[in-house]
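Chain residues, written in single-letter form:
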Amino acid sequence: MRSLFTRKFLNLSRSYSVNKTFQEIPGPKPLPLIGNALLFSPLGPYKVSRLLDGFADLQKQYGDIIKLNMGNKISLLIFNPDDIRSMFQYEGKYPQRPTFEALKDYRKKKYQCVGVVPDNGEEWHRMRQNVQILLKLKTVHSYWSRQQAVAQEFSAGLLSKMNSDGILEDFLQYAFQYSLEAIGVVCYGKRLNCFSNNSEDYRVNKAIVQANVKFLKALGETFHQPPWWKLWRTKAYKIIESTQDFMMGTAVKYLQEARQKLIENPDRFLEEDPILYHLLENRNLSETEKNLLVTEIFQGGIDATGTVITMMLYELARNPSIQTSIYEDLMKNKMRPGHISPLLRACLKETLRLHPTAGGTSRIIDSDAVLSGYHVPKGTLVIGVNPVISKMGRHFSDPLTFDPWRFLKKTETAHPYTSLPFGHGARMCPGRRFAEQEILLCVAEVILKYEVLSVSSKDIFMFLEMNLVPSEPIDFKLILICPIKFLVVPTHLFMTNKKGFPVLPKSHQVAIRQFLFQETQILIIGAQRHQHYKHYQQYMEHMWQVGYESDPVMQFAQGYEDFLQFPLHNNLEAQTYEVFEKDPVKYTE
Ligand code: HEM
C-alpha cells in the first residue's frame, strides 16, 4: 500500500515523496470531543489575541507541520515556505478560504448576494473577475496624481493636529482618515473631505471609519469564536448587520452621484474614473452586486492600509538614519508612477515582513497533497503561518531588526514564500497595487515635510482582532522641515557647451537637481554671458525633464508593465501566478 502511495504522489511533489501518513503528523494531543480547542480558550496557555505567539510556540515544540483538532475540524499549521508553495499549487481553480459565515449569512438574507470576500467556489469566481481591474498597473497609475494630492493635503494637515509639544497622538486614527480619502477617490470618484474642518464632513467620515473598525472587530469575533450567532443574534452579529447596512447606504448615496456623472459625460467618466466606469457599465452585475462590490473595495482599503502606514512610520521613527536616507533619496528623485525610491519600496517590504496585517494565508486544499512528506487529504484546511515564518532566523539574518537594505542586496534573496502579506495565487489581494501606491505616497509626503521622531521606547507588537493591529496607540513627534523657497543661480556658474549653449558643471547639476522637485523657485541672476537669457531657463527646464535617475528595470519594462502582468489580471488560475512571481516588476514596484 505504501509503495502505491509513494508512486502516486511522487510526481506531484517536487521536494518530497510521501512516506508518512496524515495520522503521523505531529501536534498537541487532542482531548475527547473538544480536541485541542482548550489551547486557545481562557483555560489554555494561549490567547486568541496573541494567536501567532501560540503558533510560534507550537512550532518550537512540534516542528514545521502541526496538526490541530479544533472541535472536530482538523487543520494543519505549516511553517516551511516550500510547503506554502505546495499549498498554493493545490488550491485549485476556485481557491477556498474558511468563510466569514456570519457575514455571508447576513448578506445572503439582506442583499441576495455575497460578494468576493466571504464567498467560495464558482460564485466567488464570477464576482472576483469584476475586481481584477484593480491590479492593472496602468489603471492604478492613472489615479496617482489624485492620490498624491490626497497625501500632500494629509501631510500638510498634520501640523494642526499636533499638541503644543509637537506630538501627534494615536497616529493610526489619522492614517485611517487618509486611507479612507485615498480609496474614496477610486471607489466613488470624489473627495470625501476627511481632512476638512466642516463639521458635517467630519461627522460623516468619522462615522465611516468607526463603522469599519467596529465591523472588522465583530467579524473577527464571529470568525474566531464558536458560531453562537447561529443560535441567537449575538451582539457581534448585530454589529455586522448595522455596519454593513451603513456601508451599503454610503455606497448607494455616493454611487448615485457617480451614475449621474456617467450619464452626463461617459467619455470623460471613462477617462477620469476607469474603475467605476468598468463596474457601473458591467451588464453582468445587478445594481445591488455593483453596490456591494464597491463597498468591499472601499472597506478592504481602509484598515490594513492605515495600519501599514502607521507601522512603517513607527519603524522609520526608530531608525533615523534610514529616514534620512529616504528623505535624501526623495529630494533627489521626484517620485512618479513606476519611479519610486528603491529604499522606500524596500522599507515597505520590510514593514510588511515584520508587521503583516493578515494572520497567515489559508486554503482548503482542492486535491490530495504532499506537505513535508506527509499525505494530506483533499478538503483539509491548511494555514501557512507566514507572520511567524518571516521572522525566522533561518530565512532572514537578524530577523527582528528593521533592515530594508536586506532587500536591496543582490546576495541575500529570501525564499519567495516566506513573506506573503497580500496572500498569493488567484485569491491574492486585488487591492495590493492600490495599497502599495497609497502607502508609498503617504509615507513619502510625511517624510518630505517632517522629521518623524519616536516618542516611546516601548516595543509595539501586533494584536489579532480581525486583522493584526498595533497593540497600543502610536504617537509621533513631528518636526517641520523648512523647505527652501528660492535658490539663486548666478550666470557665472554656467559653462558653454560645444553648440554655444549654457550648461552647468556636473557637481552643480547634482546639487541643483535636489531642489527642482521641491517647488523651489530658481532665480537666475548676473550678467548675460550667453546668446540669450532664455537659454538659461531652457536649460533648467531640460534638467527638470531628465532629472529623474531612472531605475534600469523599470526603464526596460516601460510600456510593457501590464503585458508582464497579463496572468495577474486576465487569468485567475493559480499556476499562472508563478509567472507573476518571476516578474521583476512585482519586486521592484
Ligand atoms: C496594506 C494593505 C492591504 C493588505 C496587507 C491586504 C491583505 C490582504 C490579504 C492577505 C488578503 C487575502 C489574500 C489571500 O487569501 O490570498 C486580501 C484579500 C482582499 N483584499 Fe486586501 N489587503 C490590503 C489592502 C486592500 C485594498 C486597498 C483593497 C481594495 C482596494 C483590498 C481588497 C481586498 C479584497 C476584495 C480581498 C478579497 C479577495 C478574494 O477573496 O478573492 N485590500 N487582502
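Higher on the page you've got the structure.
Position numbers for residues start from 1 in each chain and track the written sequence from start to end. In keeping with the predicted nature of the model, local features appear solely for residues at pLDDT of at least 70, side-chain atom pairs appear and are counted solely at 80 or more, and the whole-chain, interface and lining totals rest on all residues. Only hydrogens and water are set aside when side-chain values are computed; all heavy atoms of the structure are taken into account.

Some points on the overall build of the protein chain
Our working definition: Under the DSSP-based scheme used, a helix requires at least four consecutive residues in state H or I and a strand at least two consecutive residues in state E, with every element numbered from the N terminus. Throughout, exposure labels follow a simple rule: accessible area from a 1.4 Å probe, protein chains only, divided by the maximum for the residue type, with under 20% read as buried, over 50% as exposed, and the rest as partly exposed. The criterion used for residue contact is that any of the two residues' heavy atoms lie within 4.5 Å. Only the protein chains shown count as cover for residues, and all accessible areas are computed by the Shrake-Rupley method using a 1.4 Å probe.
Within the protein chain, the regular secondary structure consists of 25 helices and 15 strands. Within the protein chain, the fraction of its 589 residues that count as buried is 52%. For the protein chain, restricting intrachain contacts to residue pairs at least 6 apart in sequence, the fraction spanning at least 24 positions comes to 74%. For the protein chain, the computed accessible surface area is about 27,600 Å², with 55% contributed by carbon and sulfur atoms.

Description of the sheet that holds strand β8 (residues 450–454)
We apply this condition: The rule for pairing is simple: two strands pair if DSSP sees at least two bridges between them. What counts as an axis is a line fitted to C-alpha atoms, over the stretch in contact for a helix, and the angles between N-to-C directions run from 0 to 180 degrees.
Read from one edge to the other, the open sheet built from 3 strands follows the order β3-β11-β8, with strand pairing classed as antiparallel. Because the sheet does not close on itself, it has two edges, and the strands there are β3 (167–168) and β8. With 5 bridges joining them, β8 and strand β11 (residues 476–480) adopt antiparallel strand pairing. If you follow L453 over to β11, its bridge partner there is K477. Across the sheet, helix α14 (residues 303–318) touches β8 and β11, and the angle it forms with β8 is around 85 degrees.

Quick word on the packing of aromatic side chains
The condition that has to hold: We call Phe, Tyr and Trp rings a pair once their centres come within 6.5 Å, taking the six-membered ring for Trp, and we label the pair stacked below 30 degrees between planes, edge-to-face above 60, and tilted otherwise. Lysine NZ or arginine CZ positioned within 6 Å of the ring centre and within 35 degrees of the ring normal marks a charge as sitting over the ring.
Applying the stated criterion to the full structure yields 19 aromatic pairs. Taken together, a centroid distance of 5.5 Å and an interplanar angle of 70 degrees make the contact between Y143 and F434 edge-to-face. Here the residue Y143 occupies a position in the loop between α6 (137–141) and α7 (144–157), and F434 occupies one in helix α18 (residues 432–449), the gap between them amounting to 291 residues. By relative accessible area, which is 0% here, Y143 ends up buried. Put simply, the rings of F154, F171, Y178, F195 and F476 pair up and form one aromatic cluster. For the cation-ring pair, R50 lies above F461, with the distance from its terminal atom to the ring centre recorded as 3.6 Å. Taking the ring centre of F22 as reference, the NZ or CZ of K67 above it sits at 5.0 Å.

So, the pattern of salt bridges
Under the convention used in this document: Think of a salt bridge as a Lys or Arg side-chain nitrogen and an Asp or Glu carboxyl oxygen that are within 4 Å of each other.
As enumerated under the stated definition, the model contains 24 salt bridges in all. For E287, the salt bridge identified is with R259, shortest N-O distance 2.8 Å. Taken as a pair, E287 in helix α13 (residues 287–300) and R259 in helix α10 (residues 235–264) lie far apart in primary sequence, 28 residues in all. According to the relative accessible area criterion, E287 is partly exposed, its value standing at 41%. Among the residues examined, R259 registers a relative accessible area of 22% and is labelled partly exposed. Linked through salt bridges whose partners overlap, the residues forming this network are E123, R126 and E289.

What about the coordination of the iron atom of the ligand?
Around a metal, the idealised angle for a tetrahedral arrangement of four donor atoms is 109.5 degrees; for an octahedral arrangement of six donor atoms it is 90 or 180 degrees. Which entries qualify depends on this criterion: Donor criterion used throughout: N, O or S atom within 2.8 Å of the metal, extended to 3.2 Å for Na, K and Ca. Water excluded; incomplete-looking sites may result.
Of the protein atoms, C429 (SG) alone serves as a donor to the iron atom of the ligand, at 2.3 Å. With respect to the helices and strands, the residue C429 is situated in the loop between α17 (386–389) and α18.

Describing the sheet that holds strand β7 (residues 381–384)
Reading across the sheet, the 4 strands line up as β1-β2-β7-β4 and stay open at both edges, with mixed pairing between neighbours. The open sheet has two free edges, formed respectively by β1 (65–70) and β4 (361–364), since each of these has just one partner strand. Between one strand and the next, the sheet's axes are offset by a mean angle of 25 degrees, whatever the strand orientation. Lying over the sheet, helix α2 (residues 51–62) contacts β1 and β2 (73–78), oriented at roughly 120 degrees with respect to β1. In the packing of helix α3 (residues 81–89) onto the sheet, the strands contacted are β2, β4 and β7, and the crossing angle to β4 comes to about 45 degrees.

Some words on α2
Convention followed: In this scheme, a helix's expected span is set at 1.5 Å multiplied by one less than its residue total. The directions considered for the arc run from the helix axis to the C-beta atoms.
The terminal C-alpha atoms of α2 lie 16 Å apart, and with 12 residues this matches the ideal 16 Å at 1.5 Å per residue to within 8%. When α2 is considered as a whole, its buried residues turn out to be L51, L52, G54, F55, L58 and Q59. Within α2, the buried residues cover an arc of 150 degrees as seen down the axis, which keeps them to one side. Where α2 is buried, its residues touch β1, β2, α17, β9 (462–464) and β10 (468–470). Of the residues one or two after α2, G63 is the one with positive phi, at around 100 degrees.

Details of the environment of I167
For I167, the position within the fold is in strand β3. The class of I167 is buried, set by a relative accessible area of 17%. C-alpha separation for the pair I167 and F476, spaced 309 residues apart in sequence, amounts to 5.7 Å. Residue contacts for I167: discarding those within four places in its chain leaves K161, M162, V455, D475, F476 and K477.

Here's the deal with the site of the ligand
How we decide: In these notes, residues near a molecule or strand are those with any non-hydrogen atom within 4 Å of it. As used in this structure description, the phrase polar contact means that two N or O atoms lie within 3.5 Å; if the pair is within protein, one of them must be able to donate a hydrogen and the other to accept it, and residues adjacent in sequence are counted only when both atoms belong to side chains. Residue type decides the class: Asp, Glu, Lys and Arg count as charged, Ala, Val, Leu, Ile, Met, Phe, Trp, Tyr, Cys and Pro as nonpolar, and the leftover types, Gly among them, as polar.
Taken together, 26 residues surround the ligand, and among them R97, R128, R363, R427 and C429 come closest. Side-chain polar atom of R97 to an oxygen atom of the ligand: 2.7 Å apart, as the coordinates give it. Between R427 and the ligand, the recorded distance is 2.8 Å, taken from a side-chain N or O atom to an oxygen atom. Of all the secondary-structure elements, those providing two or more residues to the shell around the ligand are α5 (121–128), α13, α14 and α18. If one sorts the elements of the shell around the ligand by residue count, α14 sits on top with 3 residues. For the shell around the ligand, the class distribution of residues is 15 nonpolar, 7 polar and 4 charged.

Quick look at the environment of I525
Along the chain, I525 turns up in strand β15 (residues 521–525). Separated by 297 residues in sequence, I525 and W228 place their C-alpha atoms 77 Å apart. When sequence neighbours within four positions are dropped, the list of residues in contact with I525 reads V488, V489, P490 and T491.

Considerations on the packing of α7 against α18
Basically, it comes down to this: Just so you know how the angles are binned, under 35 degrees is roughly parallel, over 145 roughly antiparallel, 65 to 115 roughly perpendicular, and the rest oblique. Crossing chirality is assigned from the near helix's rotation relative to the far helix, an anticlockwise turn below a right angle marking it left-handed and a clockwise turn marking it right-handed.
At their nearest, the axes of α7 and α18 sit 9 Å apart, and the two run at 40 degrees to each other. On the basis of the axis angle, α7 is oblique to α18. For the pair α7 and α18, the sense of crossing is right-handed. Between α7, through W144, Q147, Q148, A151, Q152, F154, S155 and A156, and α18, the contact on the second element is made entirely by F434, Q437, E438, L441, C442, E445, V446 and K449. For the contact of α7 with α18, the residue count by class is 8 nonpolar, 5 polar and 3 charged.

Side note on unusual backbone geometry
Its identity as a non-glycine residue notwithstanding, L33 has a phi of 65 degrees, on the positive side. Mapped onto the elements of the fold, L33 is located in the loop between α1 (2–10) and α2. A relative accessible area of 80% means that L33 is categorised as exposed. Even without glycine at this site, S372 takes up a positive phi of about 50 degrees. Tracing the backbone through its elements, the reader meets S372 in the loop between β5 (369–371) and β6 (374–376).

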